[in-house]
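Now for the letters of each chain:
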Amino acid sequence: MTGSPALARMLHMGGAVVDYVYRVAELPPRGGEAVAATYARLPGGGVNQMTAARRSGLAVAYGGGHGSGPDGALLRAALRDLEIEVLQPANRTVDSGNCVVMVDDSGERSFVSWPGAEGRLDPAALTAIQVRPTDWIALSGYTLSYADSRNVLSDWLQALPPDPPVIFDPAPVVAAIPPDLCERVLLRATWVSANLVEAQVLTGEEQPSRQATALLERLSPRAQGVLLRAGAAGCHLQLRGKAPSHLPAFAVDTIDTNGAGDTHLGVFIACLAQGHAPETAALRANAAAAIAVTRAGGASAPTAQEIDLFLAKRQNDRSDEKAGNA
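Here's a quick rundown of the structure.

The rules behind each value
- Residues numbered from 1 in each chain as written.
- Predicted model: local features only at pLDDT ≥ 70, side-chain atom pairs only at ≥ 80, totals over all residues.
- Heavy atoms only, no water.
- Salt bridge = Lys/Arg side-chain N within 4 Å of Asp/Glu carboxyl O.
- Helix = DSSP H or I, 4+ residues; strand = E, 2+ residues; numbered from the N terminus.
- Phe/Tyr/Trp six-rings, centres within 6.5 Å; stacked < 30°, edge-to-face > 60°.
- 1 Å grid on protein atoms, 1.4 Å probe; cavity = no way out; pocket = protein on both sides within 12 Å on 5 of 7 lines; lining within 4 Å.
- Points joined across faces, edges and corners; volume = space filled by probe spheres on them.
- Nonpolar A, V, L, I, M, F, W, Y, C, P; charged D, E, K, R; others polar.
- Buried < 20%, exposed > 50% of the residue type's maximum accessible area, 1.4 Å probe, protein only.
- Polar contact = N/O pair within 3.5 Å; in protein donor to acceptor, adjacent residues only side chain to side chain.
- Contact = heavy atoms within 4.5 Å.

**Some details on the pattern of salt bridges**
And step 1. Scanning all chains against the criterion turns up 11 salt bridges.
And step 2. The salt bridge involving D135 is made with R9; its shortest N-O contact spans 2.8 Å. Linking D135 in strand β8 (residues 135–140) with R9 in strand β1 (residues 9–12), this pair joins segments that are 126 residues apart in sequence.
And step 3. Across the pair E83 and R54 runs a salt bridge whose closest N-O atoms are separated by 3.3 Å. On the criterion of sequence distance, the pair formed by E83 in the loop between α2 (70–81) and β5 (85–86) and R54 in helix α1 (residues 46–55) is long-range, its members being 29 residues apart.
And step 4. Sharing partners across several salt bridges, the network here consists of D169, E198 and R229.

Next comes the structure, spelled out in structure tokens:
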């Protein structure tokens, strides 16, 4: 850990967008149509991760781009309500991006996104951001994949001082990140958090243990650890110099998986920044994701107190089960 937990802050450099969320029984076939049961216009993208970290008690600042239209206004209002500082001025030529999210009856989500101001970064605006030694910098594959943001963000990253930890989430668009840029980011990363599909793209390996080993030993030599998200199977944690561990997921009735990965990583970062051991951070991240998928919407992360109650109840249930089997 770097710096004092009391002074720690997440500096999120990913993309905040607005989600247009449609709940459908199932996705329509090509050329077909589906009628949505509900519709909502909600803050999404990087906001989901920032919300999770903020609700776990970590200070958060948004260093990414945002636009000058109605979607940008909605995002700034949402961040203001969460007491998240916005560090860049609004882009006056374009609105914030948006994402059409279709959630089916199984809780699975499908995306169609349009990048806006979050994908068009200004070098001068990034240079003006004052990075603190106690910042935890969250970097997303989305902004590294967009042609009008990736080189600017890469240059900014290369100019960073060595102190702040960098947490890299490659995101589902990992294959669209130029390989040389991805290599530079992985070389700077302190932590890498990815789902198993993304980790396979990065490493060419199929097994989580081999993925984690490749990331730590071959691609991210300065990283302290790797956190691989496995959805309903929980997560795999690999710390440098230690044996890998698997933390099972908590069984819940899922209604919406949108934002579950962001919630997981946001809580994980918050816990690390506050001084928790990585194993504890991963356990709380699993609990947070389990709670989030029982709620509609991407920014549905629980508070730290809700995570405490959830874990206490699960512990009590296990104790009662053992007593009943005695």
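**Observations regarding the packing of aromatic side chains**
What characterises a pair of aromatic rings is the spacing of the ring centres plus the angle enclosed by the ring planes.
And step 1. Enumeration over the complete set of coordinates arrives at three aromatic pairs.
And step 2. Taken together, a centroid distance of 5.1 Å and an interplanar angle of 45 degrees make the contact between Y22 and Y39 tilted. With Y22 in strand β2 (residues 16–23) and Y39 in strand β3 (residues 38–45), the pair connects residues that are 17 residues apart, well separated along the chain.
And step 3. Ring centres 5.3 Å apart and planes at 80 degrees place the aromatic pair W191 and F268 in the edge-to-face group. In this pair, W191 sits in strand β10 (residues 191–195) while F268 sits in helix α9 (residues 260–273), placing the two residues 77 residues apart along the sequence.

**Overview of empty space enclosed by the protein**
And step 1. Summed over all chains, the structure comprises one cavity of 30 Å³ or more.
And step 2. Its volume calculated, the largest cavity comes out at about 30 Å³.
And step 3. Surrounding the largest cavity, H12, Q49, A138, L139, S140, I167, D169 and L265 form its lining.
And step 4. Elements represented by at least two residues in the lining of the largest cavity include exactly β8 and β9 (166–169).
And step 5. Ranked by the residues each element gives to the lining of the largest cavity, the list is headed by β8, at three residues.
And step 6. Residue classes in the lining of the largest cavity are distributed as four nonpolar, three polar and one charged.

**A few points about the side chain of D135**
And step 1. Among the residues examined, D135 registers a relative accessible area of 0% and is labelled buried.
And step 2. Here the side chain of D135 touches R9 through a polar contact of 2.8 Å, side chain to side chain.
And step 3. Within polar-contact distance, the side chain of D135 engages the backbone nitrogen of R132 at 2.9 Å.
And step 4. With residues near it in sequence (within four places) discarded, D135 still touches R9, L11, Q130, P164 and P165.

**Examining the layout of surface pockets**
And step 1. The calculated volume of the second largest pocket comes to roughly 150 Å³.
And step 2. Contributing to the lining of the second largest pocket are V174, A175, I177, P179, C182, E183, L186, L187, L202, R218 and L219.
And step 3. For the lining of the second largest pocket, the secondary-structure elements that each account for two or more residues are α6 (179–188) and α8 (208–219).
And step 4. The element best represented in the lining of the second largest pocket is α6, accounting for five residues.
And step 5. Residue composition of the lining of the second largest pocket, by class: nine nonpolar, no polar and two charged.

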